[in-house]
Amino acid sequence: MKISRDLALLKLSEHVKNEKTIVHCLASEAVMRALARRLGEDEERWGLTGLLHDIDVEVTNADPKVHALKAEELLSEFDLDEEILDAIRMHNDEATGIPRSTKFHHALAAGETITGFIYATTLVYPDKKIESIKYKSVRKRMKEKAFAAGVNRDHIMECEKIGIQLDEFIQLSVDAMREVSDEIGL
Ligand SMILES: [Fe+2]
C-alpha cells in the first residue's frame, strides 16, 4: 500500500502518544520539506521521512541502542522505498554503528536535530512565539554549551555536509517551522 501524508500521520499517532514527540515530527517534516526544495530533492519523500523518523521511539523506549531500528517493522504494510527506511535508521548512528554518508542521511540528522534547538530557543522568548525569534540568537545560543544541552551540535553541523552553511541552515529551518507554527504550537 502506498502511504499518503494523512495515513502517515495517523500511523505515527498510533505508535507515538507523547504530544511533544508528534510536534517534533511535524517540525522535522517541515524542515525536511524546505531542505528538499532548497536542494532540488523530492519534497514529498523528504517530508514523509521527517514525519516518520521517530515512529518507533516509544516502542523502543528511546533506547539509543535500538531506536530507529524498529521503524521498518512498524511501517512494513506500506511500500516505503529502501532509501527512506535507510535514512530513518541512519538518523540514529549509535544504533546502526555505521557513519552517515548520503545527503539524505545528513539532511535528516541535521534537520530533525535543529528543530529541538529552535524549539528551545523560542521558549526563552517572553511570548514563546517562533515569529519573535531572531536567526542570530539561535546562532549565538549554539555556542552556549549549557543551553539545550541535550541537543547534539555535531548533528546540526552536518548541514555543511549537504552544502548548506550554518547561518542559512538556521534561517531555512526557522522559516520552515514558522510555516507550521500553529500545528507545532509555537
Ligand atoms: Fe527525532
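Since the model is a prediction, treat every value here as computed from it, not as a measurement.

Before going further, it helps to examine helix α2 (residues 19-39). Along its 21 residues, α2 runs 30 Å from first to last C-alpha, staying within 8% of the 30 Å computed at 1.5 Å per residue. Its side-chain oxygen 2.8 Å from the backbone nitrogen of Lys 20, Asn 18 forms the N-cap of α2.

What follows covers the coordination of the iron ion. Donor atoms from the polypeptide that bind the iron ion are His 24 (NE2), His 53 (NE2), Asp 54 (OD) and Glu 112 (OE), placed at 2.0 to 2.2 Å. Metal-centred angles of 88 to 172° between the 4 donor atoms at the iron ion mark the site as irregular. Sequence spacing among the residues donating to the iron ion works out to H-x28-H-D-x57-E. Of the two residues, Asp 54 sits in the loop between α3 (43-52) and α4 (71-74) while Glu 112 sits in helix α7 (residues 103-124), which places them 58 residues apart along the sequence. Owing to a relative accessible area of 7%, Asp 54 belongs among the buried residues under this scheme.

Attention shifts here to the pattern of salt bridges. Using the criterion set out here, one finds 22 salt bridges in the structure. Between Arg 33 and Glu 43 there is a salt bridge whose closest N-O contact spans 3.1 Å. Residue Arg 33 is found in helix α2, and its partner Glu 43 is found in helix α3; the two are separated by 10 residues along the sequence. A relative accessible area of 21% means that Arg 33 is categorised as partly exposed. The exposure class of Glu 43 is partly exposed, given its relative accessible area of 23%. What emerges from the salt-bridge pattern is a single network uniting Arg 33, Arg 37, Glu 43, Glu 44 and Glu 179.

Thresholds, definitions, all that
- Residues numbered from 1 in each chain as written.
- Predicted model: local features only at pLDDT ≥ 70, side-chain atom pairs only at ≥ 80, totals over all residues.
- Heavy atoms only, no water.
- Helix = DSSP H or I, 4+ residues; strand = E, 2+ residues; numbered from the N terminus.
- Expected span 1.5 Å × (residues − 1).
- Polar contact = N/O pair within 3.5 Å; in protein donor to acceptor, adjacent residues only side chain to side chain.
- Donors = N, O, S within 2.8 Å, 3.2 Å for Na, K, Ca; no water.
- Tetrahedral: all angles 85-135°; square planar, octahedral: opposite > 155°, others 65-115°.
- Buried < 20%, exposed > 50% of the residue type's maximum accessible area, 1.4 Å probe, protein only.
- Salt bridge = Lys/Arg side-chain N within 4 Å of Asp/Glu carboxyl O.

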